[in-house]
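Per-entry structural report
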Amino acid sequence: MKRIDADLLVIGSGPGGAMTACVAAEAGRDVLIVEEGSHHSVDSAPSFSLAEMDQKYRNGGLNVTFGGTSITYLEGRCVGGGSEINAALYHRPLDQTLREWRDQTKIHGFEPADLWPHFEAVERDCNVNLVPGGPGPAADLLKRGAGAMGWSTRDIARFWSYPAKGEPPLAGSGRQSMTVTLVPRALRAGARLMPDTRVLRLTREGGRVTGAIAERSRAGEPHERYELRAKDVFVCAGAVQTPRLLRRSGLTHNVGDTLQLHPMIRVTAHFPEPMNDLGYGVPTEQVDAFKPALTLGCSYSSVPHLALWMGAEPTPGNASAKLDKLRDWRRTGIFYVAAVGTGKGRIRDLPVVREPFIRLPLTTDDLKRLGEGFLRLGQLLFAAGADAISTPVNGGPPIRDRAALDAVASALPQGKMTVSTIHLFSSVPMGADDRVTGTDSYGRVHGTTNLYVNDASLFPASPAVNPQGTVLAVARRNVLEWLGG
Amino acid sequence: MIRAIAEAEIAAELGRHDIEGIPFLAETAEVLERRLLGMPKHFAIGMAAMTVLFDGTTVSREGAAFHRLSVPARQRALARLRALPLGPLGNFTTFYDRMAPFIFWSHLEEHGQLDLALATERAGR
C-alpha cells in the first residue's frame, strides 16, 4: 500500500471541498484533495445530456430514497461535484433562515452579519452574475403569469460568466463551476488532487484521525490502495456520502439520522406562442412570493427532457398525441415546484452490497405543500396563457381548466408521482448543542480533535434556496476558523 | 427483454405500432440496460427481477412471453401494467416510461437528427 502525507486531507472536491482546499492551500498549507469521481473539463459534455450523466453523475443520476413516495436524487460524482451538473443558481439565504439555524442548534458566531462577508467573497471568487439582457422568453412568461396573479418574482444570479457588451462570445459555456474557479486556484497554490479515488474509511487513534485508507480505480488499470496520512481531515463529500464515510469509520453520533431535502415535482405546459429558447439555458426567473416554503420556476426544456417529464402518453389509443406535443416543443416548457421538505431521513449502508439505503418519508405536510405549490403554479401558467398543463400524477390526463387543477392539487397521491431533488442537506448538523448535532459550531466532529465536516451536511435545516452559495460561504467561514480565525 | 420494452416504448413515442426504420433502438436498449444496472445494487436487482417476472406475465393473456410479442401486443401489456395500482412497484413502469424516451431523443439530438425525426415521423403507421 502506497503512503501519501499531507498537512490537510480534503475528501471531496465539490463546493465545500473546493472552498476548503483553496483557502487552506492559499494560506500555505500542504493540501491533498481526494475525489471519488474523474476529472473532466467543465464543457466535456453538453449540460444535462446523456453523456454528462455518464461522466459526472453518481449512478447515472438514478439514486432513490425509500418511503411512501420514492424520491430520485442526483449527486455529482466528479471533480467539482454538484457544481458541475446543477443549474448554477446562486442565492443568499434569508436572514430569518440563518437566525433560525443559529437558534435551532446553538451555532456560535452565526449572526447574518458574520456570514455576509463570506457570501460577498463567494460572489467575487466564483463569478456570480445575472444574465445580461434578461433571462429569456420562458422566464418572461413566468414573470408575466406571476404578475397577473399579483405575485413577486426574482431574476436569479448564476455562477456564470458572460461576455461583456460588444465582446465576442466566450469560448466555453461560461459555467463557473469548481473546476473553473476554486479547484484550479487550489492547485496553483500547491494543492495536490487525486481523482478516481474512493476513501474506504478514516483511520483513527482514539479521538484523533490520522488519515484514511483509499482506493484508486481507473479504467484499464489495477486498483491501487493508498494510506493517506494527514494532521487534519475535512470530509466534504456531500450530504449522503459524508455521513456514510463517518459511519463506516465508527463515528455515528447524530450522523446520518436527519437528512433533509427539497422535494420537487415537474410538469410541462403548452402555450399558444413560442416560449422555449434553449439558447438561454436554464431560465433564471423564480417566483419568490411563497418563500421560504415554496419556490416556483422553469427548467431547461430540450426535447429529451420534455419527453422524460411527459412520460408515457396517458390516453390509450391516442398514439400520436405525445409526438405532436414534442413537435410543438418551442411552445412547451418544463416548470417546477420545489418545497422545503418536512421529513427527515436516515442514511445507512446496506451490508454486502455496500450501497446507501435512505429511508425518507414524503410526509402528509410535504404533499399538502407540494399540492399548494402545484395549484399556484397552475394558476400562474393559466394566467400566462397556457392551454394545457401535464399532471404531476403519473399516467394522469392533462389539465385544461381551473376545476381540474383544483381537483389534482387538492389530493396529490402518495406513491404515484415522480418526485426528484438535487438539494440534500442536514445529515450531520452543526452547532454547540451536541444533543442534536454531529459537529461543533465550525464543523468539528464531536468526539474528535481534528476531523471536520464542511459541506451541506452541516446545515441544521433547509436553506430554502438553491444551496450551493450557502455551502460555499459556510465552508469558507469554517476553514478560516480552522486556520485561526 | 429490455430491448423488447424499449422497442414498444419508442414505437409508442412516435405514435406507431411498428419499429421499421426507427434509428437508435439498439443504442437506446443498451443505455437503458446500463442505466438499470448502474443504479444502486439493491434497486437494480429489484428492477431486473421485476423485468424478468414481467416477461412471463403476458403468457396467459397474450399466449407468449412479452419479448416474443408483436409491438402492438407489447404496448397493450405495458398499458395494462401502468393501469395497475402498483404502489412503490410503479417505479418499474416509471423507469421505462421516462428513461427510454429520454435516451432515444437524446441519441437523435446528439446525432443532429432531432428536427428531421420530428418533421418526418408520421403517426399511426
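Predicted model, so just to flag it, every value in this text is computed and none were measured.

Turning to helix α10 (residues 364–383) of chain A, a few remarks are in order. Residues and elements named next belong to chain A. For α10, built from 20 residues, the straight-helix expectation of 28 Å at 1.5 Å per residue is met to within 8% by its first-to-last C-alpha distance of 28 Å. Within the span of α10, buried status applies to Asp366, Leu367, Arg369, Leu370, Gly373, Phe374, Arg376, Leu377, Gly378, Leu380, Leu381 and Phe382. With its phi angle positive at about 110°, Gly385 sits one or two positions after the end of α10.

Residues and elements named next belong to chain A. In the segment running from Lys291 into Pro292, the intervening peptide bond is cis, with an omega of 5°. Among the secondary structure elements, Pro292 is positioned in the loop between β15 (285–287) and β16 (294–299). The phi dihedral of Asn59 falls on the positive side, at around 55°, and the residue is not glycine. Tracing the backbone shows Asn59 in the loop between α2 (50–56) and β3 (63–64). Classification of Asn59 by C-beta neighbours within 10 Å gives buried; the count is 20. Not every positive phi belongs to a glycine, and Asp196 is a case in point at roughly 55°. The topology assignment puts Asp196 in the loop between β9 (192–194) and β10 (197–205).

It is a general feature of regular strands that their side chains alternate between the two faces of the sheet. All names here are of chain A. Strand β17 (residues 332–339) sits mainly inside the fold: eight of its eight residues count as buried. Burial along β17 is two-sided: Thr332, Ile334, Tyr336 and Ala338 facing one way and Gly333, Phe335, Val337 and Ala339 facing the other are all buried. One ladder, built from seven bridges, connects strand β14 (residues 264–270) with β17; its direction is antiparallel. The residue of β17 that forms the bridge with Ala269 is Gly333. Sheet topology places β16 next to β17; six bridges connect them, and they run antiparallel. Bridging from a neighbouring strand, Leu296 pairs with Val337 of β17.

What counts and how
- Residues numbered from 1 in each chain as written.
- Chains lettered and ligands numbered in written order.
- Predicted model: local features only at pLDDT ≥ 70, side-chain atom pairs only at ≥ 80, totals over all residues.
- Helix = DSSP H or I, 4+ residues; strand = E, 2+ residues; numbered from the N terminus.
- Expected span 1.5 Å × (residues − 1).
- Buried ≥ 20, exposed ≤ 12 C-beta atoms within 10 Å, placed from the backbone.
- Pairing = 2+ DSSP bridges.

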